[in-house]
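Residues per chain are reported as follows:
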Amino acid sequence: MNSNPIKNPCRKGKLSIKPLYIYLNRFKQRSTIIPMAIKRRRGPSPPSIANTEARRRSSSMPKWGQLVGDVLLQILNRLSFVDVQRAKTVCLHWNSVAKQLKLYTKFHRIPWLLIPPQDEESNASSDNNTKLFSIEDGQLYSSKYAASKEICYQSFCVGSSHGYMISINCERNNLFVFNPLTEKRTELPAMDTFLGRIIEDMDSGGEYLIKFAPKVASDSRFYRGWTCSRQLREHYIQKAILSCDPCHNKSYGVVLICWKNSKIAFCQRGDSGAMSWMYLEGMDAPFHDIMCHENKLYVLANCGSLAVWDLGSDSFPVSTKTITSLFCCASLRQTLNVSSDLYTSRLYLVESSGGVLLVVRRIGEFVDEEGRVLHEGDLLTDKAAEPLVCAYRTLLFDLFRMDFDKETWASMKSLDDQAVFVGGNHSASVLACDLPGCEKNSVYFTDDYWERMNEDYLYGGHDMGVYNLKDKSVKHFYQLDALKIQPPPCWFLPNPW
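Values in this document were obtained by computation on a predicted structure and should not be read as measured data.

### With respect to the sheet that holds strand 28 (residues 490–492)
Spatially, four strands are ordered 3-2-1-28 in an open sheet, and the strand pairing comes out antiparallel. Both edges of this open sheet fall to strand 3 (140–142) and strand 28, since each of them pairs with a single strand only. Strand-to-strand twist in this sheet, taken as the mean axis angle between neighbours without regard to direction, amounts to 35 degrees. Here three bridges tie strand 1 (residues 112–115) to strand 2 (residues 131–133), and the two strands are oriented antiparallel to one another.

As structure tokens, then:
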């Protein structure tokens, strides 16, 4: 698939304003030529028929640059992200109007797939540039910012939210918020004490290492106190999101799931820019997912419990509601009560039409080419000299909606006209009927199985696709060359402001 840099969208053959004509014709009233009687008199000769026709055609041509701003804004709000970027290059007036789109909450509500430059040990082919894949037009675009390439090489993404990536720097082990389209970057408070780091060093092989306090080391999945900085992504910070769009509110917060899913951490950016970390207490671990919507933080905790925190306070979050579910919904309990050696489950919170959805993802631990789930012992056969290679693979999704009146999860069979996007990102839902290329009643997913992503050099980061809830099928929306994809792709909501 060819790469089309967004940097120069007006190259010959690339700019198409056909969508603009479709919308403009709804608002534009064509000029009416009113014939006028001409008296014969002395003086200059009347204009020729050819000149009159030329002026008539000129007066009836649409004057795009003079289109009323409010009308143009309504038109641009109906276009795709790429078409808007192309429209911005038409004239200064269009460019100025397009900047006002950031006030529209529904603008560009379909995520793109961000594909970072691949590690040397990854088998996936790459030209060492950050790529963006658009579901709307099925095209692959290269990032025009060189800094995004450097950031992807020197850091690891721990979350994607409101068009910003939350990443951890490998050298300094600090978090920062970064917009890969505008290069806006905000450093977050140091996490040395917060994560229990006490010393850093470099081994004889040149690998950057970190030593943690004994308590932190004992809680780790490793049986040693030394941990490579990149493993912070897999073992200490499971997910990071923003409380709101920084374009609309400079006092946004950052929320983390960390310490083996046992802690929820929060820091608030005040008007002065100062930020500090705190733990949110009062909930039972482990924590499966976090979601922010309309100044509220939703935390999916142990046994399906849902905790709600008010983020409207200037000082710190306030706990407002805790629903102890204990998987009281029979269908949910049955969904999660599966053989642990065959399947694993990942749970996501998604805001949809003002409600809160629980998306349950079922992943087969070892799945062959025919889609059969195997026991680990089945990988060893007498006929084969080497064990079979059967990577993990997502096979099924189940949906539930929180009934706040009954304080329970209610089973859902369909998303109707909507689609949801889950993975290492801030989970999102979109109205698919308004977005070309997006399949309704479907779940788009990327790989976030951090526990197994690096256990085998043949696969990891590969588990992504689209699941149709009606026919229960999984298919690819974008295919990379290999099963080993490191770092893994993630969903990214384009935010050009």
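### Topic: the pairing of strand 15 (residues 289–293)
Taken across its five residues, strand 15 has four buried, putting it largely inside the fold. In this structure, strand 15 lies alongside strand 16 (residues 296–300), joined through five bridges in antiparallel fashion. Among the inter-strand pairings, Ile290 is bridged to a residue of strand 16, identified as Val299. The antiparallel hairpin formed by strand 15 and strand 16 contains two residues in its connecting segment, where Glu294 sits at a positive phi of about 50 degrees.

### Description of the sheet that holds strand 6 (residues 175–178)
Sheet strands associate in pairs through backbone hydrogen bonding, adopting either a parallel or an antiparallel arrangement. With antiparallel pairing, four strands are arranged side by side in an open sheet as 4-5-6-7. Either end of the sheet is taken by a strand with one partner, and the two such strands are strand 4 (155–161) and strand 7 (185–187). When strand polarity is set aside, the average angle formed by the axes of neighbouring strands in this sheet is 25 degrees. Pairing between strand 4 and strand 5 (residues 164–169): six bridges, direction antiparallel. Among the inter-strand pairings, Ser160 is bridged to a residue of strand 5, identified as Met165.

### Some details on a nonpolar patch on the surface
Residues Val389, Tyr457 and Leu458 make up a contiguous nonpolar surface patch of roughly 320 Å² in combined accessible area. Within the secondary structure layout, Tyr457 lies in the loop between strand 25 (442–445) and strand 26 (465–468).

### So, the pattern of salt bridges
All told, the structure shown has 14 salt bridges when counted by the stated rule. Notably, a salt bridge pairs Glu451 with Arg346, separated by 3.3 Å at the nearest N-O pair. In this pair, Glu451 sits in the loop between strand 25 and strand 26 while Arg346 sits in strand 19 (residues 343–352), placing the two residues 105 residues apart along the sequence. The residue Asp448 makes a salt bridge to Arg361 at a minimum N-O spacing of 3.4 Å. Pair noted here: Asp448 is in the loop between strand 25 and strand 26 and Arg361 is in strand 20 (residues 355–364), with a separation of 87 residues, a long-range link.

### Examining the packing of aromatic side chains
Evaluated as defined, the whole model comprises 12 aromatic pairs. Taking the centre distance of 6.2 Å and the plane angle of 85 degrees together, the rings of Tyr444 and Trp491 count as edge-to-face. Placement of the pair is Tyr444 in strand 25 and Trp491 in strand 28, with a sequence separation of 47 residues. Look at Trp491 and you get buried, because its relative accessible area is 1%. Lys263 extends its terminal NZ or CZ atom over the ring of Tyr279, reaching a point 5.1 Å from the ring centre. Taking the ring centre of Tyr343 as reference, the NZ or CZ of Arg362 above it sits at 4.7 Å.

### Brief notes about helix 3 (residues 69–76)
All of the buried residues along helix 3 are Leu72, Leu73, Ile75 and Leu76. Along the axis of helix 3, the buried positions cluster into a sector of 160 degrees, meaning they face one direction only.

### Some points on the confidence of the model for the protein chain
The predicted structure's coordinates, where accompanied by low pLDDT, should not be read in detail. For the protein chain, per-residue confidence averages 76 on the pLDDT scale, and residues scoring 70 or more make up 66% of the total. Here residues 1–43 is a poorly scored stretch, pLDDT under 50, and it has 54 contacts once near neighbours within four places are set aside; other chains count. The low-confidence segment residues 216–226 (pLDDT under 50) makes 28 contacts with residues lying over four places distant or belonging to another chain.

### Describing the environment of Leu435
Tracing the sequence through the fold places Leu435 in the loop between strand 24 (428–431) and strand 25. Linking Leu435 and Ile135, residues 300 residues apart in sequence, is a C-alpha distance of 9.2 Å. If we ignore the near neighbours within four places in the chain, the residues touching Leu435 are Ile110, Glu136 and Val430.

### Quick look at the side chain of Lys239
Within the secondary structure layout, Lys239 lies in strand 11 (residues 237–242). Overall, Lys239 belongs to the buried group, its relative accessible area being 6%. One polar contact links the side chain of Lys239 to the main-chain carbonyl oxygen of Asn425, over a distance of 2.9 Å. Not counting chain neighbours up to four residues away, the residues in contact with Lys239 comprise Val158, Val255, Leu256, Ile257, Asp289, Ile290, Tyr348, Gly423, Gly424, Asn425, His426 and Ser427.

### A look at the environment of Leu357
In this structure, Leu357 sits in strand 20. Separated by 72 residues in the primary sequence, Leu357 and Ser429 place their C-alpha atoms 9.8 Å from one another. Beyond its immediate sequence surroundings of up to four residues, Leu357 is in contact with Tyr348, Leu349, Val350, Ser352, Phe400, Arg401, Trp409, Met412 and Leu415.

### What about unusual backbone geometry?
The omega torsion of the bond from Ala285 to Pro286 falls at 5 degrees, within 30 degrees of zero and hence cis. Position of Pro286 relative to the elements: it lies in the loop between strand 14 (277–279) and strand 15. Across the junction of Gln486 and Pro487, the peptide omega takes the value -5 degrees, indicating a cis bond. Note on placement: Pro487 falls in the loop between strand 27 (473–475) and strand 28. Positive phi, close to 60 degrees, is recorded for Cys303, a residue that is not glycine.

About the criteria used
- Residues numbered from 1 in each chain as written.
- Predicted model: local features only at pLDDT ≥ 70, side-chain atom pairs only at ≥ 80, totals over all residues.
- Heavy atoms only, no water.
- Pairing = 2+ DSSP bridges.
- Helix = DSSP H or I, 4+ residues; strand = E, 2+ residues; numbered from the N terminus.
- Axes fitted to C-alpha atoms, helices over the stretch in contact; angles between N-to-C directions.
- Buried < 20%, exposed > 50% of the residue type's maximum accessible area, 1.4 Å probe, protein only.
- Patch = residues over 30% accessible without salt bridge, like charges linked within 9 Å, V, L, I, M, F, W, Y side chains within 5 Å.
- Areas by Shrake-Rupley, 256 points an atom, 1.4 Å probe, with all protein chains shown as cover.
- Salt bridge = Lys/Arg side-chain N within 4 Å of Asp/Glu carboxyl O.
- Phe/Tyr/Trp six-rings, centres within 6.5 Å; stacked < 30°, edge-to-face > 60°.
- Lys NZ or Arg CZ within 6 Å of the ring centre and 35° of its normal.
- Arc of directions from axis to C-beta.
- pLDDT = per-residue confidence, 0-100.
- Contact = heavy atoms within 4.5 Å.
- Polar contact = N/O pair within 3.5 Å; in protein donor to acceptor, adjacent residues only side chain to side chain.

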